[in-house]
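Residue-level structural notes
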Amino acid sequence: MRAAIYGRYSSDKQREESIEAQFRIIKEYCERKGYTVVKEYKDEAVSGTKTVKRIQYKQMLLDAKADIFDVI
């Protein structure tokens, strides 16, 4: 199964490493499930309350409609 992964952090108090830690955990999960990660999306220092400024999130939704992956 083709998987997409999405990571984000919302504060300037967090760093790039927080997304990398998210990706590491998600990739381990995908490996256990037999999923192949085909796409990664990340929004850095962007609030989670609204999707207006979450560019990668919106791209992920477009890619989902284009059938680029099976699960997120």
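For clarity, every value in this text was computed on a predicted model and none was experimentally measured. (Residues numbered from 1 in each chain as written. Predicted model: local features only at pLDDT ≥ 70, side-chain atom pairs only at ≥ 80, totals over all residues. Heavy atoms only, no water.)

As for the overall build of the protein chain
The helix and strand tally for the protein chain stands at two helices and two strands. Looking at the 72 residues of the protein chain, the share that counts as buried comes to 22%. For the protein chain, contacts bridging at least 24 residues in sequence account for 58% of all contacts bridging at least 6. For the protein chain, the exposed surface amounts to about 5,100 Å²; the carbon and sulfur share of it is 51%. (Helix = DSSP H or I, 4+ residues; strand = E, 2+ residues; numbered from the N terminus. Buried < 20%, exposed > 50% of the residue type's maximum accessible area, 1.4 Å probe, protein only. Contact = heavy atoms within 4.5 Å. Areas by Shrake-Rupley, 256 points an atom, 1.4 Å probe, with all protein chains shown as cover.)

Some details on the packing of aromatic side chains
Summed over all chains, the structure comprises two aromatic pairs. Their ring planes at 65 degrees and their centres at 5.7 Å tell us that Y6 and Y57 sit as a pair that is edge-to-face. On the criterion of sequence distance, the pair formed by Y6 in strand 1 (residues 2–9) and Y57 in helix 2 (residues 55–65) is long-range, its members being 51 residues apart. What makes Y57 partly exposed here is its relative accessible area of 24%. Geometrically, the ring pair formed by Y41 and F69 is edge-to-face, given 6.2 Å between the ring centres and 70 degrees between the ring planes. (Phe/Tyr/Trp six-rings, centres within 6.5 Å; stacked < 30°, edge-to-face > 60°.)

Details of the pattern of salt bridges
For the structure on display, the rule yields four salt bridges. A salt bridge links R2 to D67, with the shortest nitrogen-to-oxygen separation between them at 3.3 Å. Residue R2 is found in strand 1, and its partner D67 is found in the segment after helix 2; the two are separated by 65 residues along the sequence. Since its relative accessible area comes to 28%, R2 is described here as partly exposed. The exposure class of D67 is partly exposed, given its relative accessible area of 49%. Between D70 and R2 there is a salt bridge, and its shortest N-O distance comes to 2.9 Å. Of the two residues, D70 is situated in the segment after helix 2 and R2 in strand 1; the sequence distance between them amounts to 68 residues. Under the relative-accessibility criterion, D70 is labelled partly exposed at 41%. (Salt bridge = Lys/Arg side-chain N within 4 Å of Asp/Glu carboxyl O.)

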